[in-house]
Amino acid sequence: MPQDPMDFEWSYWIEWGRERILWLLAGHLLVSQVSRLLMEKYKPWCLMVYGMVACWLLLGIKGFAVILLHAAVSFAVAQFQLSLLTWLCSLILLSTLRIPAVEEAKRKWYDTENEYYLLLFTVSVRCLFCTSFSLEYCWHRPAQKSSHSFPWMLAYVFYYPTFHNGPLMNFDEFSKQMRRQEAFSVKSSLGILIVGVIRIFFWWCLAELMIHLMYIHALYSSALPLESASYWALGGLALAQVLFFYVKYLVLYGVPALLLQMDGLKPPALPCCVSLMHSFTKMWRSFDVGLHRFLVRYIYVPMGGSQSSLLGMLFSTALSFAFVSYWHGGQSYLWYWGALNWLGVIVENGVKRILSISLIQDLI
């Protein structure tokens, strides 16, 4: 039975995975386990070199140079240890991905659109990693200088399991865990690998069944069946779409999360099932945990967050959603999506505050 071809993200990453990325991830696993077994002290540098080689093989010398240039520029600006300047640099670097002349020049580097999009997706995710390192550098104490060097930035930026699509792991977590040396057990690592592969294979089979049998995205791409459907049917389609999105990211984040575990790191939690969620706030906290931690640590808390006045909290929340919308591409529909999510979170928090008043509690 033919599959629904309208979900670009699933088709794109599965195709790249089958062709090259899974093989490169297997190579990372081999290098990681050998380095953990024989030279734990040098594991970060072995993985850094492997990530650079994998980037070169997949994106070419020009793609590798772009990512290296982004890292070097971010590191140079971070030397001023000014958070505002670091953010300005990050936003400028991100904006270069949307300059038509630059886009056209990068397209000419590759034979196919898929290769260009791989560079685009990779650089977009690397921008977040560069931002995380640079802000941690701005805040680091003199005693932490050795773990905030340029080689550590390269080890973080070129860490291959999270290289193309995430999940996001903040630099402070990455460096602490990567520098921690633990006893290595082949038996326990093999157990983690076997259980992890079985789980991911199950999720992949479920996603493939959904995309071959349900045709959710094909239905959404045509106005006629949507116009003739009842409200109950439309609600069912919406639920089916978000459930597929959930299963899809169990696979897309599950593979790198397994490799993080094999490297002795603790990955961000995998997405929580959307059927168990009843609020915007929980969705943002527990679906993409890595992105949520990034937003809280680098935008929400520095701008005041829940500890500031009501207006301060509204502003810091709005700024977080504005960044997410801009990072995803900045198209008009993304601004509407960000604004509606912001509104949902604000309404929920407003209702919670009202319900926490003692008089309302007594009435309830």
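Bear in mind that the values here come from a model prediction, so they are computed numbers and not experimental data.

Asker: Explain the domain arrangement of the protein chain residue by residue, including any values.
Answerer: Under the domain assignment used here, the protein chain contains domain 1 (8-180) and domain 2 (269-363). Summarising the inter-unit geometry, the C-alpha centres of domain 1 and domain 2 are found 27 Å apart. The partner domain 2 presents 13 residues to the 18 residues of domain 1 that form the contact. For the pair domain 1 and domain 2, the summed buried area comes to about 1400 Å², and 63% of that belongs to carbon and sulfur atoms.

Asker: With reference to specific residues and values, describe the UniProt feature "transmembrane region" (unreviewed entry) in the protein chain.
Answerer: As annotated in UniProt, the feature "transmembrane region" (unreviewed entry) corresponds to residues 20-38, 45-69, 75-95, 116-135, 150-169, 190-211, 231-252 and 310-328 in the numbering used here. The span residues 190-211 carries 100% helix and 0% strand; its end-to-end C-alpha distance comes to 31 Å. For residues 231-252, the end-to-end C-alpha separation is 31 Å, with 100% helix and 0% strand making up the annotated structure.

Asker: How would you sum up the pattern of salt bridges? Please name residues and give values.
Answerer: For the structure shown, the criterion picks out eight salt bridges. With its nearest N and O atoms 4.0 Å apart, the salt bridge here joins Arg 36 to Glu 40. Judged by relative accessible area, which is 9%, Arg 36 ranks as buried.

Asker: Got a sec to walk through unusual backbone geometry? Specific residues and values, please.
Answerer: Cis geometry marks the peptide bond from Gly 166 to Pro 167; its omega dihedral reads 5°. For Gln 81, which is not a glycine, the phi torsion comes out positive at approximately 55°. With respect to the helices and strands, Gln 81 occurs in the loop between helix H2 (43-78) and helix H3 (83-95). On the basis of relative accessibility, which here comes to 38%, the residue Gln 81 falls in the partly exposed class. Backbone geometry at Tyr 215 places phi at a positive 50°, although glycine is not the residue there. Relative to the elements of secondary structure, Tyr 215 occurs in the loop between helix H8 (186-213) and helix H9 (216-220). Its relative accessible area of 26% is what places Tyr 215 among the partly exposed residues.

Asker: Got a sec to walk through the side chain of Ser 189? Specific residues and values, please.
Answerer: Here Ser 189 is to be found in helix H8. Given the relative accessible area of 7%, Ser 189 is considered buried. Other than its neighbours up to four places away in sequence, Ser 189 contacts Gln 33, Arg 36, Phe 184 and Met 262.

Asker: An account of the nonpolar core is requested, with residue identities and associated values reported.
Answerer: Core analysis: the largest hydrophobic core is formed by 90 residues, its most contacted members being Phe 158, Phe 174 and Phe 323. Examining the composition of this core, we find that 14 residues originate from one element, H2, more than from any other.

Asker: Can you break down the packing of helix H14 (residues 310-327) against helix H15 (residues 332-355) residue by residue, with the values?
Answerer: Taken N-terminus to C-terminus, the directions of H14 and H15 make an angle of 150°; their axes are 9 Å apart at the nearest point. The angle between the axes of H14 and H15 places the two elements in the roughly antiparallel class. The chirality of how H14 crosses H15 is right-handed. Where H14 approaches H15, its residues Leu 310, Met 313, Leu 314, Thr 317, Ala 318, Phe 321, Ala 322, Val 324, Ser 325 and Tyr 326 are matched on the opposing element by Leu 334, Trp 335, Trp 337, Gly 338, Asn 341, Trp 342, Val 345, Ile 346 and Arg 353.

Asker: Tell me about helix H1 (residues 8-38), residues and numbers included.
Answerer: With 31 residues, H1 ought to run about 45 Å at 1.5 Å a step, and its terminal C-alpha atoms sit 42 Å apart, in line with that. Of all bends in H1, the biggest is about 65°, found at Gly 17.

Asker: Explain H8 to me, and be specific about the residues and the numbers.
Answerer: Along its 28 residues, H8 runs 40 Å from first to last C-alpha, staying within 8% of the 40 Å computed at 1.5 Å per residue. Its buried side turned inward, H8 meets H1 and helix H11 (231-262). Two residues or fewer past H8, Tyr 215 is found with a positive phi of approximately 50°.

Reading the values: the criteria
Residues numbered from 1 in each chain as written. Predicted model: local features only at pLDDT ≥ 70, side-chain atom pairs only at ≥ 80, totals over all residues. Heavy atoms only, no water. Domains from an automatic or database assignment. Contact = heavy atoms within 4.5 Å. Buried area = accessible area lost by both parts, 1.4 Å probe. UniProt positions renumbered as here; feature names shortened; annotations may be inferred. Helix = DSSP H or I, 4+ residues; strand = E, 2+ residues; numbered from the N terminus. Salt bridge = Lys/Arg side-chain N within 4 Å of Asp/Glu carboxyl O. Buried < 20%, exposed > 50% of the residue type's maximum accessible area, 1.4 Å probe, protein only. Core = buried A, V, L, I, M, F, W, Y, C linked by side-chain atoms within 4.5 Å. Axes fitted to C-alpha atoms, helices over the stretch in contact; angles between N-to-C directions. Parallel < 35°, antiparallel > 145°, perpendicular 65-115°, else oblique. Left-handed = near helix turned anticlockwise from the far one by under 90°. Expected span 1.5 Å × (residues − 1). Bend = angle between axes of the 7 residues up to and from the residue.

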